[in-house]
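Topology and contacts: notes
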Amino acid sequence: MLRPRDPAMGTTAARRPAGVGGDMVGSDDAAVGRIAAERLVSRGHRRVAFLSPKSDQRLFVDREVSFVGWTRRLGAEAVVLTGPSNPKPFPVRPARAVE
């Protein structure tokens, strides 16, 4: 269990988990969806797709809701393509050391 002064860093959660102290780097998944929609629509696309490989994960749900909402607000159509719930994990390669 981490104590309040223990160093900690999260890299995927947009919100700090209860009881976890330290620094945190997260993502604003709603902003990611909005930026993607704005980019595609500004380039003239009128029918775009959101690909969600893990439709049951919060990260993808937040991005999907934002992307679809902003795409429609900007006058385009969004199609959502989802993968099965709980598919095999993405192939992950170990990070190389940064010197």
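The structure this text deals with has already been given above.
Quick look at the structure, then. (Residues numbered from 1 in each chain as written. Predicted model: local features only at pLDDT ≥ 70, side-chain atom pairs only at ≥ 80, totals over all residues. Heavy atoms only, no water.)

1. Things to note about the environment of D62
Along the chain, D62 turns up in helix α2 (residues 58–73). A C-alpha to C-alpha distance of 9.1 Å links D62 and V32, two positions 30 residues apart in sequence. (Helix = DSSP H or I, 4+ residues; strand = E, 2+ residues; numbered from the N terminus.)

2. Overview of the pattern of salt bridges
If you walk through the whole model with that rule in mind, you get 3 salt bridges. Residue E77 pairs with R47 through a salt bridge whose shortest N-O separation is 3.5 Å. A residue pair is termed long-range when its members are at least 10 positions apart, and E77 in strand β2 (residues 77–82) and R47 in strand β1 (residues 47–52) qualify at 30 residues. Looking at R47, the relative accessible area reads 60%, which means it is exposed. (Salt bridge = Lys/Arg side-chain N within 4 Å of Asp/Glu carboxyl O. Buried < 20%, exposed > 50% of the residue type's maximum accessible area, 1.4 Å probe, protein only.)

3. Some remarks on the side chain of S52
Mapped onto the elements of the fold, S52 is located in strand β1. In contact with S52, other than residues within four places in its own chain, are F60, E64, L81, T82 and G83. (Contact = heavy atoms within 4.5 Å.)

4. Quick notes on the side chain of S66
Looking at the element boundaries, S66 is found in helix α2. The residues touching S66, leaving out its near neighbours within four places in the chain, are D29, A30, G33 and R34.

5. Quick notes on the packing of aromatic side chains
For the structure shown, the criterion picks out 1 aromatic pair. Positioned over the ring face of W70 is R73, at 4.7 Å from the centre of the ring. (Phe/Tyr/Trp six-rings, centres within 6.5 Å; stacked < 30°, edge-to-face > 60°. Lys NZ or Arg CZ within 6 Å of the ring centre and 35° of its normal.)

6. Topic: the pairing of β1
In regular strands, side chains alternate between the two faces of the sheet. The alternating pattern of β1 places V48, F50 and S52 on a buried face and R47, A49 and L51 on a face that is not buried. With 6 bridges connecting them, β1 and β2 associate as parallel partners. Pairing of S52 across the sheet is with T82, part of β2. (Pairing = 2+ DSSP bridges.)

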